[in-house]
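Here is what each chain is made of, one letter per residue.
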Number of protein chains: 4
Amino acid sequence: MFGHPDAAALTHLGLFALQHRGRESAGICTSDGTRLVRHAGMGLVNDVFDGACLERLRNPAAIGHVRYSTTGSCVDANAQPLLFEYAGGQVGIAHNGNLVNAAKLRRQYEEHGCIFRTSCDTEVIVHLLAKPAHQRKPDPLVHVLNHLQGAYSLLLLFPDRLVAVRDPLGFRPLCVGRLGDAYVVASETCALDIVDAEYVRDVVPGEIVTITAAGLDSRRFGDDPGGRGGACVFEHVYFADPSSNIYGQNVHIAREKMGRALAREAPAEADLVIPVPNCARCAGIGYAQESGIPLGRGFTTNHFAGRSFIMPDQRSRDREVRMKLRVIKDAVAGKRLVVVEDSVVRGTTTRGKMGALRRAGATEIHLRVASPPIRHPCFFGIDFPDPSELVALHRSVEDVRAFLEVDSLYYLSLEGMLSCVKMPPDKYCTACFSGRYPVEVSEPLDKFVLERRNVRMFQ
Amino acid sequence: MFGHPDAAALTHLGLFALQHRGRESAGICTSDGTRLVRHAGMGLVNDVFDGACLERLRNPAAIGHVRYSTTGSCVDANAQPLLFEYAGGQVGIAHNGNLVNAAKLRRQYEEHGCIFRTSCDTEVIVHLLAKPAHQRKPDPLVHVLNHLQGAYSLLLLFPDRLVAVRDPLGFRPLCVGRLGDAYVVASETCALDIVDAEYVRDVVPGEIVTITAAGLDSRRFGDDPGGRGGACVFEHVYFADPSSNIYGQNVHIAREKMGRALAREAPAEADLVIPVPNCARCAGIGYAQESGIPLGRGFTTNHFAGRSFIMPDQRSRDREVRMKLRVIKDAVAGKRLVVVEDSVVRGTTTRGKMGALRRAGATEIHLRVASPPIRHPCFFGIDFPDPSELVALHRSVEDVRAFLEVDSLYYLSLEGMLSCVKMPPDKYCTACFSGRYPVEVSEPLDKFVLERRNVRMFQ
Amino acid sequence: MFGHPDAAALTHLGLFALQHRGRESAGICTSDGTRLVRHAGMGLVNDVFDGACLERLRNPAAIGHVRYSTTGSCVDANAQPLLFEYAGGQVGIAHNGNLVNAAKLRRQYEEHGCIFRTSCDTEVIVHLLAKPAHQRKPDPLVHVLNHLQGAYSLLLLFPDRLVAVRDPLGFRPLCVGRLGDAYVVASETCALDIVDAEYVRDVVPGEIVTITAAGLDSRRFGDDPGGRGGACVFEHVYFADPSSNIYGQNVHIAREKMGRALAREAPAEADLVIPVPNCARCAGIGYAQESGIPLGRGFTTNHFAGRSFIMPDQRSRDREVRMKLRVIKDAVAGKRLVVVEDSVVRGTTTRGKMGALRRAGATEIHLRVASPPIRHPCFFGIDFPDPSELVALHRSVEDVRAFLEVDSLYYLSLEGMLSCVKMPPDKYCTACFSGRYPVEVSEPLDKFVLERRNVRMFQ
Amino acid sequence: MFGHPDAAALTHLGLFALQHRGRESAGICTSDGTRLVRHAGMGLVNDVFDGACLERLRNPAAIGHVRYSTTGSCVDANAQPLLFEYAGGQVGIAHNGNLVNAAKLRRQYEEHGCIFRTSCDTEVIVHLLAKPAHQRKPDPLVHVLNHLQGAYSLLLLFPDRLVAVRDPLGFRPLCVGRLGDAYVVASETCALDIVDAEYVRDVVPGEIVTITAAGLDSRRFGDDPGGRGGACVFEHVYFADPSSNIYGQNVHIAREKMGRALAREAPAEADLVIPVPNCARCAGIGYAQESGIPLGRGFTTNHFAGRSFIMPDQRSRDREVRMKLRVIKDAVAGKRLVVVEDSVVRGTTTRGKMGALRRAGATEIHLRVASPPIRHPCFFGIDFPDPSELVALHRSVEDVRAFLEVDSLYYLSLEGMLSCVKMPPDKYCTACFSGRYPVEVSEPLDKFVLERRNVRMFQ
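These numbers come from a predicted model, not from an experiment. (Residues numbered from 1 in each chain as written. Chains lettered and ligands numbered in written order. Predicted model: local features only at pLDDT ≥ 70, side-chain atom pairs only at ≥ 80, totals over all residues. Heavy atoms only, no water.)

Undergrad: Could you clarify how one ought to interpret the overall build of chain A in this entry?
TA: Check the secondary structure of chain A and you find 17 helices and 22 strands. Compactness check: chain A gives a C-alpha radius of gyration of 23 Å against a globular reference of 23 Å for 459 residues, within 12% of the reference. Across its three principal axes, chain A shows a C-alpha extent of roughly 70 × 50 × 50 Å. Taking as baseline every contact in chain A between residues at least 6 positions apart, the subset at least 24 positions apart corresponds to 68%. Within the structure as shown, chain A displays about 16100 Å² of accessible surface, and the carbon and sulfur contribution to it stands at 49%. For chain A, the centre of its 54 positive side-chain charges and the centre of its 52 negative side-chain charges are spaced 3 Å apart. (Helix = DSSP H or I, 4+ residues; strand = E, 2+ residues; numbered from the N terminus. Rg over C-alpha atoms; globule rule 2.2 N^0.38 Å. Contact = heavy atoms within 4.5 Å. Areas by Shrake-Rupley, 256 points an atom, 1.4 Å probe, with all protein chains shown as cover. Lys, Arg positive; Asp, Glu negative; His and termini not counted. Charge placed at Lys NZ, Arg CZ, Asp CG, Glu CD.)

Undergrad: How do you make sense of the relation of the copies chain C and chain D when you look at a structure like this?
TA: The operation linking the two copies of the chain is a rotation about an axis combined with a translation along the axis. Laying chain C over chain D is done by rotating through 180° and shifting 0.0 Å along the axis; what remains is an RMSD of 0.0 Å. When the rotation and shift are considered jointly, the pair of chain copies conforms to a two-fold rotation axis. Minimal C-alpha separation from the rotation axis in chain C is found for H303 of chain C, amounting to 3.3 Å. (Least-squares fit on C-alpha atoms with pLDDT ≥ 70 in both.)

Undergrad: Please explain the packing of aromatic side chains as it appears in this structure.
TA: Each pair of aromatic rings is reported with the distance of its centres and the angle of its planes. For the structure on display, the rule yields 29 aromatic pairs over all chains. Between F171 of chain D and F380 of chain D, the ring centres sit 4.2 Å apart and the planes meet at 20°, which makes this aromatic pair stacked. Residue F171 of chain D is found in the loop between β7 (161-166) and β8 (175-179), and its partner F380 of chain D is found in the loop between β20 (364-369) and α15 (397-404); the two are separated by 209 residues along the sequence. Across this residue pair, the class does not change: F171 of chain D and F380 of chain D are buried. Through a chain of ring-to-ring contacts, three or more aromatic side chains come together here, namely F171, F379, F380 and Y437 of chain A. Directly above the aromatic system of F403 of chain A lies the positively charged group of R351 of chain A, at a separation of 4.5 Å from the ring centroid. (Phe/Tyr/Trp six-rings, centres within 6.5 Å; stacked < 30°, edge-to-face > 60°. Buried < 20%, exposed > 50% of the residue type's maximum accessible area, 1.4 Å probe, protein only. Lys NZ or Arg CZ within 6 Å of the ring centre and 35° of its normal.)

Undergrad: In this structure, what is going on with the environment of D383 of chain C? I would like to understand it.
TA: All names here are of chain C. As for its placement among the helices and strands, D383 is situated in the loop between β20 (364-369) and α15 (397-404). A relative accessible area of 30% means that D383 is categorised as partly exposed. Between the alpha carbons of D383 and Y68 there is a distance of 7.9 Å; along the sequence they are 315 residues apart.

Undergrad: What exactly am I supposed to notice about the pattern of salt bridges here?
TA: When charged atoms on two side chains of opposite charge get close, those side chains can pair. Scanning the entire structure with this criterion turns up 80 salt bridges over all chains. Where K329 of chain B meets D193 of chain A, a salt bridge forms, and the shortest distance between an N and an O atom there is 3.1 Å. Taken together, the residues K329 of chain B in helix α13 (residues 329-332) and D193 of chain A in helix α8 (residues 189-194) connect one chain to another. A salt bridge links D407 of chain C to R358 of chain C; the nearest nitrogen and oxygen atoms lie 3.1 Å apart. Here R358 of chain C lies in helix α14 (residues 348-359) and D407 of chain C lies in the loop between α15 and β21 (408-411), a separation of 49 residues in the sequence. Note on D407 of chain C: relative accessible area 38%, which makes it partly exposed. A residue is classified by how much of its surface remains accessible, and R358 of chain C, at 31% relative accessible area, is partly exposed. Through salt bridges that share partners, R21, R172, E188 and E235 of chain A make up one connected network. (Salt bridge = Lys/Arg side-chain N within 4 Å of Asp/Glu carboxyl O.)

Undergrad: What should I look at first to understand the side chain of S153 of chain B in this one?
TA: Inspection of the secondary structure puts S153 of chain B in strand β6 (residues 150-158). Not counting residues up to four positions away in its chain, the partners in contact with S153 of chain B are A94, H95, N96, V165, R166, R172, P173 and L174 of chain B.

Undergrad: Would you mind showing me how to read the sheet that holds strand β9 (residues 182-186) of chain D here?
TA: Sheets are built from strands that pair by backbone hydrogen bonding, the pairs being arranged parallel or antiparallel. Residues and elements named next belong to chain D. Strand order in the open sheet made by the 3 strands is β9-β8-β10, with antiparallel pairing throughout. Both outer strands of the open sheet, β9 and β10 (198-202), are each paired with one neighbouring strand and no more. Between one strand and the next, the sheet's axes are offset by a mean angle of 30°, whatever the strand orientation. The pairing of β8 with β10 spans 4 bridges and is classified as antiparallel. (Pairing = 2+ DSSP bridges. Axes fitted to C-alpha atoms, helices over the stretch in contact; angles between N-to-C directions.)

Undergrad: Whenever I open this one, the pairing of strand β11 (residues 207-212) of chain B confuses me. Can you help?
TA: Within a regular strand, side chains alternate between the sheet's two faces. Residue and element names in this part refer to chain B. Counting buried positions along β11 yields 5 of 6 residues, so the element is predominantly enclosed. Of the strand pairs in this sheet, strand β7 (residues 161-166) and β11 are connected by 5 bridges, and their pairing is antiparallel. Counted as the bridge partner of V163 is T210 from β11. Of the strand pairs in this sheet, β11 and strand β12 (residues 215-220) are connected by 6 bridges, and their pairing is antiparallel. Considered in β12, the bridge of T210 is made with D217.

Structure representation (structure tokens):
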């Protein structure tokens, strides 16, 4: 946010609205026009900030970040925004996405004498920026961005300006809003809504937006991807908030459509449609409307279960599902159910929920998943578990059905899913479903690629 | 809970499941068979207890309490269960409900030299119990209970026994479950579910259930109410969890029926049925099914908003609604909506939500409330605000409609509501809606009746 | 404190100055003239109070308490001041001392139907006060105090007055100061100093001082003890702060005199006088001056060791002494030392310190203790360990010397000690040294006398 | 510490013993032989670490740090040890002292593209180390150290080794101890004592000590300073703990000697010698012994005053002295006092203490300071205030006397002070007293030299 006296407090609200995007750490970095200050820590937004802290950060320009780690451990040093000083002065940086050539770049820079304080892929971007040879280029930032491969929606805060960048394939969403004379940049529109900012437009793939006291300026960078794109379709399926608009489309509406498409592709004979809370509620509504089967409520959620909980013993870890979700026994007993899920990853919690419905007396369970089977790792910013843990990896749909112990199981087809989103199919990255990666990934990547356990020599 | 080595930890889980019934304070009192220990404090269950604390409480018998105050301030000393010692030994007490003659009894006992440490109505019960004249009666507890007027579901923990009591009119729910050889007593069945206990039966109005190592014993007390009862219908409308069964009926099912009845009583021409999260979701499903108007989703809830939040300034308090509830603009824009609410108390937050839908582009808003207008105070355990703040108090339905700025407004009729619950109408207390109190309330009561501001003389 | 707008904050400062008198719990109770509020909790003053809390307590009259338990467990419910309500209105009570007939009184009152919430002896005082028969007496408070046996310096806060009471034998100190128009009452004068109050006079044994808006009023109660008294001499030896004046005499001066008397009674041939920090520093100065042996410094103290500390393993608990006290090896190596202690209780930490000096190279250690051997329990407010743990209990001085592994050991004689304090010998209680109790103690007492483990019958 | 399974916990104890050297932040970095982990935060050792945290750090090699900032703000990012990764692997670094050419080096490195995360002078050392040209040198570390000017006692932890470095002039102390097979390196011997380690020897100026599984290895670096040195004499005067031995001499003994020298240089006619707690107690003992005037006790200290305290209002900040120090009025009233201080910096707290003695009734106050007037800034690791705040800066001794409102004032002479320490005078840095800096300081330095407020250009 740039140009509002309460930028820190409003950024704080914005982070709160985006809390679903990351719960490991939270941070804010602000500028008074000449100098940056930063506060960041592990935990939820409400754990990291208090009033005194926001008071210290009170400045007219601010960037914030909530993190769920896709590169680097969940440790303090990695909490973003990161704040660095280099020959150009101070810079704060917040990164959504994942670079696929971070390890290679880091090795290069280390060999040239650079030192690293974090295991985030983000830190390497600042090293590139600080390199004198890059600074001498006509447009150093464009020059630097051209070295990066992968997904990056970036916010860079300099003492006198806020710079927003979206990679040329546009893997992650990023939008601009206005609140009076101030500008707001955020991953999702729900962060604009909470501060009453008006949506202006998306930062487009391959665009650099610079906001200064003089206003908003835009320039493009990167090779023209020739009409192709990498917009993460999983944002629509699961990650983004239903109230947000991303990629030019409301998330709830997309999910409702996926539910309708699913009903057309995989009808079922049943008494009730039961969506699994909370995410599948949108698709459930679509399925019910399309199928004509009444929508019911099979679960209630415990609104106080946001935090870790002390269990009497280890065995009761399986109680955790039960603590967040309660089955309404009388609503499902004796009923044939169509259960709608948005996606199935490991399958273990889904299995737990199906078991709970069965024990409550459901006579048939027809599970319908509003997206295709997940069978491939994501290198662009979604932290799926190790592929070996994906339930659909080496299993047929029938095997998954057996594992989940349901009477029937259908996934929405790739085509079906893509028919529900607004842009042409090749503007989306569907790699986790299809295995087709919009960017070549040359070396095997894992989340801890930047953390080495081997002893290096030092004389 | 009685008879389980992990009684404290399981009671802790049970309190967590009942958190919606009270968020001001939480406490647990346990017995090792000879001596009671207690821990209680202000805040949510997760704020009050940690692992070390539960370890200290580890004992085979336990009672717990979550509080939202209907008598007495929100202060530490009032956190239940209360623990006292008297000639009979130690007793821990947890009380759900509200005594209507507490002030009178307290005055009497103070005049006889009793001292009080809390401003809870509960403390007076222990004074009655400790009175030597009462102890000499054949059944002291029954004798004591006969002095009490009003609502009381009580748990009393003595070193060697757990006693559960429900007042003769049965204002508040109370049920018994079994987990192996242990017994569990709880306000709602959702607390049985979370510990995997099996529902056995309700404690019936006017029943004393005593659980010892020898098992469960039951006796009756009080005058026969001649077929009348005081089961709080507002538990079905709003207070209890949808997954719980109370008064012999599932809460979700009752609410769904109220939604259906509402659709019959007050149909509307509209494109979508939008329930207000979270409570009205059940009634919304019923309304949609009965009316044939598709159920939609107009709001998403922020799951991290359980706690207080630091606001940049006072004026942004109205941001609070927005922080918990986000409108899905694209889902309601250009639509004629039937909005279903479970009940309307002050009307201010409802008005805020209606305004948000309107700003998002809803063309018509037809508000349907699945219960009658609330126009009378509750003296039996629901903490409505001061009557002067009830929106429906001196307003016609049309006036309320104008205040809420909706296109049409209908409340479910009293008869309609009572047709959806299982017991005969005169088994319920509908006082907040109808003004008919099942027990005569002789003196004006307010929440702070036991806190005096006047100086008394002392020589 | 009565009559100052900042009474809560100043009481807070006073508690801080008196922190050495109790570290288990801290509390403050204040009055706005019509109503009392209270905050208390476990831990040090700084742990229990924060700014918001003091703001809530901001009222013109306040009493405070820091506790180290001599009756009752170290649990939350026992944190003083206690706050009760009875027919006379509200009363807050803070008690320094120990009643010897509390158990008997409590049994009596329980048999008459009273209920107790704490295991403090203090609570019974309020029951006596509330008893209607007592309230009808011409002077109820005097009537009540006549029932109490033992040590009690009491502060009672009523909405409109502050009452200070000191028992007829004056076991514990209590003094009155003035700050502008306000009055301050405190256990030691160091609490007056910290708030800049001027010392006025002691509350005398058997006096009730009442402070209201109209000023200070005094009356006497109790039987005339015929010139005898119970002023705890151990306050002078160890408990009170050296900067305080109690019983009409400065504590440091008394201790310095004890050091001088000790030098006369038990001279030693040595190179240096080493006082054990911190308490014996006064007596060390006296010993050095009288003996002509130079005073040295053998230890430094770690000022950060106030709190519990995480140890790598259990065996390193003996590291605790070392963490608080460090030996200055070069100052004692090769030296013959006179080590001055104020008193020896269990002997274990003294032994540890002597061993540390020995390991540092001291060639001779002549331990001189500036008080007689402790061989008897205290029933009046000092929490000595179980008598069986007193090192001097069944041991001759020679046996104690051998246990402590020192070259010689002398204790100050009872007469020597009493020659150093200002009042006549029979004004003091020397029971812990002499076994002569100023009040008959009829039943065996221990700290947990008010906590029963037996199951009582309840029908 | 290297080679002990409990290295983290023992380092934790060591930090606790060294807490007087820094209270702003604390941190520990440990190695399991292949990888480093770190935990650091703002506050005292006991605030930053808990048991779970030490458990995570449990490894056989550890370095720790407590910080009081002499370069860089008191912010989180500056908490040491710092942990970096570079081409050589990981390195943790803890620095005591202050580089005088840090700003120049940092500018150079920034111009070559380096980025900085902290405003500590320490970070630049790691950049030097990582530079490929330096790594290719026969002994990279020696090569790097030759670039550094100023004071640095360093601990470097690599996965497989611990390296201790002391600058060629030996500004700050650093010693090696042994605990079984393990080695311990610490600033003061009191940290060896607390873990029961045996003192082996000092790391000598210009020495690199490397500890690996194979044992301890030593090498030298730097130009021969030709018999001159920079051992900070202020460590002896004030900073180090009396129980520690530094520069081959016990701190207490040195201070006692300074007190004796002071008595010879500046005798006084008085009744009592009163040392100002706590630091001047050693010098007070010396003064008393040499002068024959008895040592008295004028103050007691509040052992609970270690932490910040809530004050009723701003004006009562002057209460802070009183909260830590209480005058024993009866001990000083009517007495002529020689008051011994170790040093006087701003003079404001000394003035407050003198005023308190005067108000308590002291008839004469002869202040004797056991070191010369402080008139020059320190660039080597002591954080004196801005020179303009030094009371002696542009004031004669007579003017300082008048400011402090004492009857007479004498400082120990430079020669007198140097006659009390063990090494030849030109082995010490006395710059704060004499203005003679052992190293030329080319550019004006202040604590925030590495924090820029100006906007730099970035394209």
